[in-house]
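As a plain string of letters, each chain reads:
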Amino acid sequence: MKHNGDFSYDLLLGQKGEGLLADILKLKGDKVEVKTDYKATRTGNLFIEYESRGKASGLSTSRADYWAFIISNEQIIIVETNKLKTLCRDNKLPRVNGGDSNTSKGVLLPLINIIK
């Protein structure tokens, strides 16, 4: 984002962000999938499950409108499910085993991909 020194512009942008977060937190019938991934702050990646024990799971079967990732006691990342699916379809991202006893398959999604 290009820097803008105009306070009025910054104020409007801030209010837009506040409104977006308020709308998400009100949930208005929206569903949020919440995942805790404290390793993400150390590795720089989120593990996004799409299969477990040979069956579609996680992002593949989610009915949530948003996914919220708790990556520390002070940090939560909230992303629309459709955007998350688009990001995870990138064929350059590593597919790895993980979860309980490594019985799940998932994508390692760099945090920077969500933030940019």
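Numbering of residues starts from 1 in each chain and follows the order in which that chain's sequence is written. Reporting in this predicted model follows two pLDDT cut-offs: at least 70 for local features of residues, and 80 or more for side-chain atom pairs to be given and counted; totals over whole chains, interfaces and linings ignore these cut-offs and use all residues. Think of the side-chain values as coming from all heavy atoms in the structure, minus any hydrogens and water.

### Remarks on the sheet that holds strand S1 (residues 32-36)
Convention followed: Strand pairing is assigned whenever DSSP detects at least two bridges linking the two strands. By the criteria applied, helices consist of DSSP H or I runs no shorter than four residues and strands consist of E runs no shorter than two, each listed in order from the N terminus. In this description, a line fitted to the C-alpha atoms serves as the axis of each element, helices being fitted only across the stretch in contact, and the angle between N-to-C directions of two axes falls anywhere from 0 to 180 degrees.
Across the sheet, which stays open at both edges, the 3 strands sit in the order S1-S4-S5 with mixed pairing between neighbours. The sheet is open, and its two edges are formed by S1 and strand S5 (76-80), each paired on a single side. Strand-to-strand, the axes of this sheet are offset by a mean angle of 20°, without reference to chain direction. Direction of pairing for S1 relative to strand S4 (residues 66-70): parallel, over a ladder of 5 bridges. Its bridge partner lying in S4, Lys35 is registered against Phe69.

### Overview of the packing of aromatic side chains
As a reminder of what qualifies: By convention, a stacked pair of Phe, Tyr or Trp rings (six-membered ring in the case of Trp) has centres within 6.5 Å and planes under 30 degrees apart, an edge-to-face pair has planes over 60 apart, and any other such pair is tilted. Accessibility here uses a 1.4 Å probe with only protein chains present; expressed as a share of the type maximum, an area under 20% marks a residue as buried, one over 50% as exposed, and anything in between as partly exposed.
Enumeration according to the criterion identifies 1 aromatic pair in this entry. For the ring pair Trp67 and Phe69, a centre distance of 5.9 Å and an interplane angle of 45° mean the geometry is tilted. No difference in accessibility class separates Trp67 from Phe69, as the two residues are buried.

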